[in-house]
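# Examination of the molecular architecture
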Amino acid sequence: MFNNLSQKLGEILDKLKKRGALSEADVEAALREIRIALLEADVALPVVKDFIAQVKERAVGQEVIKSITPGQMVVKIVHDQLVEVLGSENVALNLVTNPPAIMMVVGLQGSGKTTSTAKIARFLKTRKNKKVLMASVDVYRPAAREQLEILGSQAEVDTLEIIKDEKPLEIAKRAYSKAKLEGYDVLLLDTAGRLHIDEELMEELTALKKAVNPIETLLVADAMTGQDAVNIARNFQEKIGLSGLILTRVDGDGRGGAALSIKAITGCPIKLLGIGEHLEQIEEFHPERIAGRILDMGDVLGLVEKAVETINREEAEELARKAGKGEFDLNDLASQLRQVSKMGGMGSLLSMLPGVGKIKEQIQGAGISDQLVKKQLAIISSMTLKERKNYKLLNGSRRRRIAVGSGTTVAEVNRLLKQFQDMRDMMKRMSKMGEKGFKRQGLRGLLGR
Ligand SMILES: Nc1nc2c(ncn2[C@@H]2O[C@H](COP(=O)(O)OP(=O)(O)OP(=O)(O)O)[C@@H](O)[C@H]2O)c(=O)[nH]1
Ligand SMILES: [Mg+2]
């Protein structure tokens, strides 16, 4: 996400950081470059203008030029301004109401409404401990309701039973009664999309909104469409009123223009980001962290949160216990590796680490990739249960058999075993530092750092 912008801003600001002193002209020149970088990232013109004006006002002031590290000061000012443009702070989904909290999910065709509905449901269920019901009122696209039903079973979230030939308003009312009667905390309504904003759609959504009085009206917008997403959001905001935005396909959006403009233009906060097709690939929108990512300051908080969420607590404790006793075996390594891929692969983990923008390619060169994780899992699955429990059994001929079985080479099997032994040693050492130390270092160990 934001790769291009991040790289450009990095180059511009690096130049500034290298200088001992900065003149007003230096700052002006950098601002001109930042302006171009933002426009190239497809940020809306009024937003760019305002951004530059704000940064200039603060940067040209004496604090910067007189400061000992003027370059750093400019970086800080740009960072703070980015945070402001992105919306200052996270605005969580509003659940403060007499249950069920009704949330309507709206947007154009194919923007990711149905996927996002299921993602939010899962998010609220697993992270906020809510009892969630989903219902689709999309009676237009064939199998639209069945699609939500399938996602519901994957997400382990209830969906409203489908009744043929029911109208959107009737479905919404039935969903509400069920949610009320059966004590659901949240009712999510997935709505139909259209190719363009048309009167009919807006009327239907307005009628629905009036009938169910949702606490959240969430617009799903495709980040990859850049300025279009911003215009669509403004339109929906004017016509039906929104309480929050969900940007999807942020994983494919190298520019970030929509994310950077949409709050300023619509006045509506981005609440969640869709970062992939999987149901776990959703995250809360934290302006501070995103700004940190854009400026390649890393997103350590996001990383920790992601890890905690993905790593099953009990499993982590069990691992800590085993590590302490030196019982960490290849089965445990396999489950760690599976967690890495669950977190969205190495790529998404790495992009959250500080300074990684620049060294990402080197890391990929060093072979820490999703393919590697897959290969390593294949190697472990080619071992017998006994071997996984006791790696010392793995002599030359067994290693050859495993290499053949997993479609790898003996050298690759050896490398994995070496890594496993290093991890075992490290874990033993860490367990002496107590559970906290283990959890903190465990991740870094996983990343081979
Ligand atoms: N890469 C990526 N793909 C996504 C994301 N969100 C949704 N998709 C994909 O986008 C496609 C369309 O998603 P849907 O959820 O069906 O979109 P929709 O808005 O409900 O579509 P209609 O109901 O036809 O209007 C699917 O293939 C999803 O897997 C995301 O955050 N990242
Ligand atoms: Mg849909």
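Each chain carries its own residue numbering, running from 1 in the written order of its sequence. To read the labels, note that chains go from A and ligands from 1, taken in the order they are written. Two thresholds apply to this predicted model, a pLDDT of at least 70 for residue-level local features and 80 or more for giving and counting side-chain atom pairs, whereas whole-chain, interface and lining totals are computed over all residues. Computation of side-chain values covers all heavy atoms of the structure but excludes hydrogens and water.

## Section: the overall build of the chain
Cut-off, in case you're wondering: Labels follow the DSSP assignment, with helices taken as runs of H or I lasting at least four residues and strands as runs of E lasting at least two, numbered in each case from the N terminus. Here the term buried applies to any residue with accessible area under 20% of the maximum for its type, exposed to any over 50%, and partly exposed to those in between, with areas from a 1.4 Å probe on protein chains only. When checking whether two residues touch, look at their non-hydrogen atoms; a contact exists if any pair is within 4.5 Å. Only the protein chains shown count as cover for residues, with accessible areas throughout obtained via the Shrake-Rupley method and a probe of 1.4 Å.
Counting its secondary structure elements, the chain contains 22 helices and 8 strands. Considering the chain as a whole, with its 449 residues, one finds that 49% of them fall into the buried category. Long-range pairs, those at least 24 residues apart, make up 73% of the contacts in the chain with a sequence separation of at least 6. As displayed, the chain offers around 21,800 Å² of accessible surface, 51% of which is attributable to carbon and sulfur atoms.

## Remarks on the site of ligand 1
Quick reminder of the rule: For this description, a residue counts as near a given molecule or strand if any of its non-hydrogen atoms is within 4 Å of it. In protein, a polar contact requires one atom able to donate a hydrogen and another able to accept it; more generally it is a pair of N or O atoms within 3.5 Å, and residues adjacent in sequence count only if both atoms are side-chain atoms. For this scheme, ten residues count as nonpolar: Ala, Val, Leu, Ile, Met, Phe, Trp, Tyr, Cys and Pro. Four count as charged, namely Asp, Glu, Lys and Arg, and the remainder, Gly too, count as polar.
Lys113, Thr114, Thr115, Arg249 and Asp251 are the nearest of the 20 residues found near ligand 1. The contact in question runs from an oxygen atom of ligand 1 to an N or O atom on the backbone of lysine 113, over 2.8 Å. In this structure, arginine 249 approaches ligand 1 through a side-chain N or O atom, which is 2.6 Å from an oxygen atom. Calculation on ligand 1 without its partners gives an accessible area of 660 Å², and the protein chains cover 83% of this total. If you tally residues by element for the shell around ligand 1, the top one is helix α6 (residues 113-128), at 4 residues. Looking at the shell around ligand 1 residue by residue, the class counts come to 2 nonpolar, 11 polar and 7 charged.

## Topic: the nonpolar core
Cut-off, in case you're wondering: Among the buried residues, those of types Ala, Val, Leu, Ile, Met, Phe, Trp, Tyr and Cys that are joined through side-chain atoms within 4.5 Å form a nonpolar core.
Counting 76 residues, the largest nonpolar core has Ile34, Phe51, Val78, Leu189, Phe236 and Leu247 as its most contacted members. Among the elements that take part in this core, helix α5 (residues 70-86) stands out by supplying 8 residues, more than any other. Once you skip the residues sitting within four places of it in the chain, phenylalanine 51 turns out to touch Ile34, Leu38, Val78, Gln81, Leu82 and Val85.

## Quick notes on the pairing of strand β1 (residues 101-106)
Note the threshold: Strands are labelled as partners when DSSP assigns at least two bridges between them.
For β1, the buried fraction is high: 6 of the 6 residues fall into the buried class. Going residue by residue along β1, you find Ala101, Met103 and Val105 tucked away on one face and Ile102, Met104 and Val106 tucked away on the opposite face as well. The pairing of β1 with strand β4 (residues 186-190) spans 5 bridges and is parallel. Following the sheet pairing, methionine 103 is matched in β4 by leucine 188. Of the strand pairs in this sheet, β1 and strand β5 (residues 216-222) are connected by 4 bridges, and their pairing is parallel.

## Comments concerning the sheet that holds strand β3 (residues 158-159)
Sheet strands pair via backbone hydrogen bonds, and the direction of the pair is either parallel or antiparallel. Formally: Only the stretch in contact is used when fitting a helix axis, every axis being a line fitted to C-alpha atoms; angles between N-to-C directions are given from 0 to 180 degrees.
The 8 strands are arranged β3-β2-β4-β1-β5-β6-β7-β8 in an open sheet whose pairing can be described as mixed. Edge positions in the sheet fall to β3 and β8 (282-284), since each has one partner strand and no second. Packed onto the sheet, helix α9 (residues 199-212) meets β1, β4 and β5 and runs at close to 175° relative to β1.

## Some thoughts on the environment of glutamate 24
For glutamate 24, the location among the structural elements is in helix α2 (residues 24-40). Between the C-alpha atom of glutamate 24 and that of valine 60, which follows or precedes it by 36 residues, the distance is 6.1 Å.

## Side note on the side chain of serine 111
Relative to the assigned elements, serine 111 resides in the loop between β1 and α6. In this structure serine 111 comes out as buried when scored by relative accessible area, which is 5%. A polar contact is formed between the side chain of serine 111 and the backbone oxygen of leucine 108, at a distance of 2.8 Å.

## Quick notes on the packing of α6 against helix α7 (residues 144-155)
Put simply, the rule is: By the definition adopted for this analysis, an angle is roughly parallel if under 35 degrees, roughly antiparallel if over 145, roughly perpendicular if from 65 to 115, and oblique otherwise. Left-handed describes a crossing whose near helix is turned anticlockwise from the far helix by less than a right angle; the clockwise case is right-handed.
Between α6 and α7, the shortest axis-to-axis distance is 10 Å and the interhelical angle comes to 30°. When the axes of α6 and α7 are compared, the pair comes out roughly parallel. As for how α6 packs across α7, the hand of that crossing is right-handed. Packed against α6, whose contacting residues are Thr114, Thr115, Thr117, Ala118 and Arg122, the element α7 presents Gln147, Leu148, Leu151 and Ala155 at the interface. Residue composition of the contact of α6 with α7, grouped by class: 4 nonpolar, 4 polar and 1 charged.

## Some words on helix α11 (residues 257-266)
Counting buried positions along α11 yields 7 of 10 residues, so the element is predominantly enclosed. Listed as buried for α11 are Gly257, Ala258, Ala259, Leu260, Ser261, Ile262 and Thr266. The positive-phi residue at the C-terminal boundary of α11 is glycine 267, with phi of around 75°.

## Side note on the pairing of strand β6 (residues 244-248)
Inclusion rule: Looking down the strands as they point away from the viewer, one classifies a crossover as right-handed if the path from the first strand across the helix to the second runs clockwise.
For β6, the tally of buried residues reaches 5 of 5 residues, placing the bulk of the element in the interior. By the alternation rule, side chains of β6 split into Gly244, Ile246 and Thr248 and Leu245 and Leu247, which are all buried. Where β5 lies against β6, 5 bridges are found, and the strand directions are parallel. When the bridges of β6 are listed, aspartate 222 appears paired with threonine 248. In this fold, β5 hands off to helix α10 (residues 227-239), which returns the chain to β6; that crossover is right-handed. Pairing analysis gives 3 bridges linking β6 to strand β7 (residues 270-274), with the strands arranged parallel. The partner of isoleucine 246 across the bridge, within β7, is leucine 272. Read as a crossover between parallel neighbours, the route from β6 over α11 to β7 is right-handed.

By themselves, these observations are geometric and do not establish any function.
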